[in-house]
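Chains, contacts and geometry: an overview
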Amino acid sequence: MQKHRLLCSLLLALVMLSGIPAHVGARDPTECICGAQAPGDVVIGIMLPCHQKVQALRERIRPDSFHCSDFDLASFLKSLSAIHEIEEINRAGFLPGVRLGYLMCDTCSYASKALQNVGHMLAVNSSLEMQCDYTDFRPRVKIILGALYSEVSIAVARLLNVYMVPLLSSTSSSPELSDKLRYPVFLRTVPSDKHQTKAVATLMNHYGWDWVGVVYGDDEYGRAAFQSFLIDAETNSVCLAYQEVLPNYLDNSYSVQRIQQVAEQIRSSSAQVVLLILKTQLVEDLFKEMIRTNTSRTWIASDGWSRSLSLAKMDGINKVGDILGFSFVAGKDISFDTYLKNLTATPGGYNNFIEEYKNLRFNCTPECYSSKPPSYCPSTELLKIKSPNACKFQDPQEQNDDYLVSALDTSEVFLSRVAVWAVANALKKLLNCSSSTCLGEINFPPYKLLEELRKVKFDLDNQTFYFDENGDFVNGYDLIIWKKDELCRRFERIGKYDVLTKQIELYQENFTWLSTANTTSPQSRCSEHCNPGWVKKILNVSCCYNCTQCVEGTYSDAQDLHNCKECPNGTWSLKGWNHCEPRLESYLRWNDPHPITMMAAAAFGILLLLVTFIIFLVYRDSPPMKRAEVRLSCVMMAGLAVSFASVICFMGKPIVHLCRARQVMYGMGFTLCVSCNLVKAYRTFLAFLPFGQMTNRRLHALYKPPVIVIIITAVQGLICLLWLIFDSPYIDDAPQSPQSMKRIIQCREGATYIGFGIMLSYIALLALVGFLLAFKGRTVPQEFSETGYIIFSMLMYLFVWVCFVPVYITNNENSTPVQASAILVSSYGIIFCHFLPKCYEALRGSKTDTLEMILRRWRAFSSPNRESDPEIDIDIPRTNTPSQMIIRSSMSSTFTKLKRSGALSEDSPTDLSNEKICAYPRANGLGTKVTRRRRSMSF
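Residues numbered from 1 in each chain as written. Predicted model: local features only at pLDDT ≥ 70, side-chain atom pairs only at ≥ 80, totals over all residues. Heavy atoms only, no water.

So, on to the overall build of the protein chain. Of the regular secondary structure elements, the protein chain holds 27 helices and 29 strands. Considering the protein chain as a whole, with its 939 residues, one finds that 51% of them fall into the buried category. Taking the intrachain contacts of the protein chain between residues at least 6 apart in sequence as the baseline, contacts between residues at least 24 apart amount to 70%. As presented, the protein chain carries roughly 43,600 Å² of accessible surface, and 57% of it is formed by carbon and sulfur atoms. (Helix = DSSP H or I, 4+ residues; strand = E, 2+ residues; numbered from the N terminus. Buried < 20%, exposed > 50% of the residue type's maximum accessible area, 1.4 Å probe, protein only. Contact = heavy atoms within 4.5 Å. Areas by Shrake-Rupley, 256 points an atom, 1.4 Å probe, with all protein chains shown as cover.)

Right under this line is the structure:
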């Protein structure tokens, strides 16, 4: 082993000595292709673009050398970071006895140039031999750090797959590179872009931006990131207002025209948020067009330019609007800043890129500031690098300052530093290093380092780093915002995205936005939010919609829902509600005003009946009470009291027994009342209306008040019994209307309502018959009968219930209070129209007219065409006129009935008890006495 190391040292010394004259004279191929090198036991390749493009690429038709232009300070800084970390590892003796070297080549941001670099790095004895089996292939470069762009990394990785030389990048983030079947040699210290696009879509969703534009580059990185974003945007309900692609190579003459077209699309679109998946140079050209046209938007930066200081310091950058972006994890290293302030090539090696930078910074070239600068002068942007004291220096290569530290963000290169330490830790494992020595073979095949690198796990700056199964780091992203800093911008970290939890954590919520000039975030939506209670009705794309209200029984409890949710069992919602509630049980509660009023009315009605009953008993011998038939009236009062009591059964939460009881109580009670009224009307009808003798006898034979009342009431009882058996009332608690939050609990009077209708119709028929009988005898003086009271009370009842039927049918939700109110009104109608006038007459104590006065008025009323005599002779002259015989016979019968029934007072001036009314003579002219018929008109 010692001999082998000694031999390698001698060979290395020979190489170095042989390289000196070449460096002095013409440059050797190594220096021509790769611009920086330092010797070492294990050489690490560095492949980064220190220049932005290859000149005249479209005109290149011969395989001559690539001419790179436009020095790139940001990429140059990354290469210096790798070189500095290699020197730090060597200085620290992390690998005892082993020195790390490097070979750095410039890709010029072009994949073909990078492939040329690979061929040179892997060449053995200045050639790359073709073999069938590269298991024992041992190039001097064991691993390559790079490339910067995913497109270059993809091309290089495909070539390195042949040799199984590991490629470790700290910037290439295309999701395609996670495919270990296609790119087994590729590893990276950054997450895949599939996580970045998730982070971007999550950020848009967080701020409610669902209408955005996307501009991406026409390269592997841009296309892959865009396809990944499409999937994540759909998941987060983000829609694309437009998608534009820009050519990848800046020397493309079509690029300027294309940038103007894209800028016009951005200006004309209503989308206020634009995602740019582009290289820094393309973003710069696009921003220049935005500044020229004074166009402001909210820009989302991809990791490719989210920390670009050149963009942050460009003229007019504050005019473009707000800029947010996700960048890879960053970290400051003081020793690296010190290294940049004392920049020099590694001892024993060279670095042409440092020389080029110092020439740009410190070389005196006043001719380049003229109106027609020479061709060798750098671009206007690169002239900004020039130090104000450049012409005061003799040798630019001897000069140093802090320009790189102040002009660039040195924390951005943290992951390049991590990549070098990952290689060092893998080498330590592979070379079997202890604290004092490394015993492994130094010239090992590269695939062995790849095996160890996949398994490496180490700590750096209090963070743990390792590769997942796809060869990616999963350390997340920093969310940064470009804050206004006078005429420039500065980067401020406001949050982070955790790859594992897929959540954004914001450190700052209330910061000032440039576009709104306050803490209110800008909006970019195709349609306004649909508030809770409304849902989206999609138009053309998912983000453009109308808002429609949720229908009854459904709800939406959040903004921008696509579908309404069904209310759970036992709950309901009205149109446009954002929640569901249990339906309120609706019935006549005991403590509600309406039921209290009806119960008070029912109680007052019963009390009024009681007072009336007392008056009837006290004044039972008075003429008004005798005419009112006290016993029949008391039965009527009992029926009305039962009707009033049935109203109480309408109150409270219904139960099936109360539903049945209240109808039976009302039907039987009111039937009893109406049947008594009917008997009274029939009595008057028989007493005062003339019929033939045969008809008279038959009608008088039917007049049996107790039997009539019992039979009529029994028929109603039979109707109620059949009703309860075949179509009984039941409880209905089904919701009455979708537009109501009430669950109306009420009694249904049977499935068909036939029994209920027959019961009411029967009472109405009785009332109608009583009304007709009373109306027929309306000419009878009130002193003889109650026809007026019967007419008005029955008319009141019929009117109430005729009105009740349509109201009951049309007002289904309030059928219970409607019927209860009808019962109260009809019952009070009978009280006020039938009983109270009698009470008033009895209490007033009016004098009863004499029989002669009553008869005179009745005859005058019944015979309006005949002049009434001033005095009626009781002993009517004899005549054989048939009509006169009938009248006298009827009057005699009537007087007898009134006397027997007590309608005429015993104290009447004309005593009819001993009155003998002479009948008309027979054919032979003899008078005949007619005996009085004794009939009882009461129970």
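Within the open sheet, the seven strands sit side by side as β8-β7-β6-β2-β5-β1-β14. Their pairing is mixed. The open sheet has two free edges, formed respectively by β8 (186-188) and β14 (350-351), since each of these has just one partner strand. Across three bridges, strand β7 (residues 167-169) lies against β8 in parallel orientation. By the bridge assignment, S169 is partnered in β8 with R188. Seen against the sheet, helix α5 (residues 150-163) touches β2 (42-48), β6 (141-146), β7 and β8 and runs at an angle of roughly 160° to β7. (Pairing = 2+ DSSP bridges. Axes fitted to C-alpha atoms, helices over the stretch in contact; angles between N-to-C directions.)

This next bit is on the packing of aromatic side chains. For the coordinates displayed, the defined rule picks out 32 aromatic pairs. Summarising the aromatic geometry, the rings of F336 and Y339 are spaced 6.2 Å apart at their centres and angled 20° between planes, so their arrangement reads as stacked. With F336 and Y339 both in helix α11 (residues 334-341) and three residues apart, the pair spans about one turn of that helix. Looking at Y339, the relative accessible area reads 11%, which means it is buried. Ring centres 6.2 Å apart and planes at 55° place the aromatic pair F414 and F465 in the tilted group. With F414 in helix α15 (residues 414-430) and F465 in strand β16 (residues 463-466), this residue pair connects regions lying 51 residues apart in the sequence. Aromatic rings pair up to connect F287, W299, W305, W482 and F491 into one cluster. (Phe/Tyr/Trp six-rings, centres within 6.5 Å; stacked < 30°, edge-to-face > 60°.)

Moving on, we come to the packing of helix α19 (residues 630-648) against helix α25 (residues 815-844). In the contact formed by α19 and α25, the axes pass within 9 Å of each other and the chain directions differ by 155°. If you check the angle between α19 and α25, you find them roughly antiparallel. Considering the relative orientation of α19 and α25, their crossing is left-handed. Residues S633, M636, M637, L640, S643, F644, S646 and V647 of α19 lie in contact with α25, whose contacting residues are A820, I823, L824, S827, Y828, I830, I831, H834 and F835. Among the residues forming the contact of α19 with α25, the class breakdown is twelve nonpolar, five polar and no charged. (Parallel < 35°, antiparallel > 145°, perpendicular 65-115°, else oblique. Left-handed = near helix turned anticlockwise from the far one by under 90°. Nonpolar A, V, L, I, M, F, W, Y, C, P; charged D, E, K, R; others polar.)

With that settled, the discussion passes to the packing of helix α4 (residues 111-121) against α5. Close contact between α4 and α5 brings their axes to 9 Å; oriented N to C, the two are set at 35°. The handedness of the crossing between α4 and α5 comes out as right-handed. For the pair α4 and α5, the contacting residues are A111, A114, L115 and V118 in the first and V152, A155, V156, L159 and L160 in the second. Across the contact of α4 with α5, the residue classes tally to nine nonpolar, no polar and no charged.

With seven of its nine residues buried, strand β17 (residues 477-485) lies for the most part within the structure. Relative to β17, strand β13 (residues 323-328) runs antiparallel, the two being bridged by five bridges. From the neighbouring strand, S327 faces β17, where its bridge partner is D478. Bridge count for β17 against strand β18 (residues 488-498) is nine bridges, and the pairing is antiparallel.

This next bit is on the pattern of salt bridges. Applying the stated criterion to the full structure yields 31 salt bridges. Of the charged contacts in the structure, one is a salt bridge between R223 and E220, with a shortest N-O distance of 3.5 Å. Linking R223 with E220, this pair stays in helix α7 (residues 220-235), spanning three residues, or about one helical turn. Judged by its relative accessible area of 26%, E220 is partly exposed. With a closest N to O distance of 3.7 Å, D333 and R417 form a salt bridge. With D333 in the loop between β13 and α11 and R417 in helix α15, the pair connects residues that are 84 residues apart, well separated along the chain. (Salt bridge = Lys/Arg side-chain N within 4 Å of Asp/Glu carboxyl O.)

Moving on, we get to the sheet that holds strand β10 (residues 239-246). An order of β10-β9-β11-β12-β13-β17-β18-β19 is seen for the eight strands of this open sheet, with the pairing classed as mixed. Of all the strands in the sheet, the pair left with one neighbour each is β10 and β19 (503-506). Sheet twist, expressed as the average angle between the axes of neighbouring strands with direction ignored, equals 25°. In the packing of helix α8 (residues 254-268) onto the sheet, the strands contacted are β9 (211-217), β10, β11 (273-277) and β12 (298-301), and the crossing angle to β10 comes to about 170°.

As a further point, take the state of the cysteines. The full count for this structure, using the stated rule, is eleven disulfides. Between the sulfur of C34 and that of C105 lies a disulfide, 1.5 Å long from S to S. Residues C34 and C105 share a disulfide whose torsion about the S-S bond is about 70°; that sign makes it right-handed. Taken together, the residues span a long stretch of sequence, with C34 in the loop between α2 (29-33) and β1 (36-38) and C105 in strand β5 (residues 100-106) at a distance of 71 residues. Each sulfur in the disulfide pair C550 and C564 lies 2.1 Å from the other. Its torsion about the S-S bond being -95°, the disulfide of C550 and C564 is classed as left-handed. Of this pair, C550 sits in the loop between β21 (545-549) and β22 (554-555) while C564 sits in the loop between β22 and β23 (565-566), placing them 14 residues apart in sequence. (Disulfide = S-S within 2.5 Å.)

Moving on to unusual backbone geometry. Cis geometry marks the peptide bond from G146 to A147, where omega comes out at 0°. Within the secondary structure, A147 is located in the loop between β6 and α5. The phi dihedral of A56 falls on the positive side, at around 50°, and the residue is not glycine. Mapped onto the elements, A56 comes out in the loop between β3 (51-54) and β4 (68-71). Looking at A56, the relative accessible area reads 45%, which means it is partly exposed.

Let us look at a nonpolar patch on the surface. On the surface, a cluster of nonpolar side chains totalling about 880 Å² of accessible area is made up of F604, L607, L610, V611, F613, I614, L617, V618, Y619 and L843. Considering every element that reaches the nonpolar patch, the biggest residue donor is helix α17 (residues 593-618), with eight residues. Of note, F604 is situated in helix α17. (Patch = residues over 30% accessible without salt bridge, like charges linked within 9 Å, V, L, I, M, F, W, Y side chains within 5 Å.)

Right, let's get into the environment of S170. The topology assignment puts S170 in the loop between β7 and β8. The spacing of S170 and S416 is 246 residues in sequence and 5.5 Å in space, taken between C-alpha atoms. With near-sequence residues (within four places) excluded, S170 lies in contact with T189, V190, F328, L415 and S416. Among the polar contacts listed, one links the side chain of S170 to the side chain of S416, at a separation of 3.1 Å. (Polar contact = N/O pair within 3.5 Å; in protein donor to acceptor, adjacent residues only side chain to side chain.)

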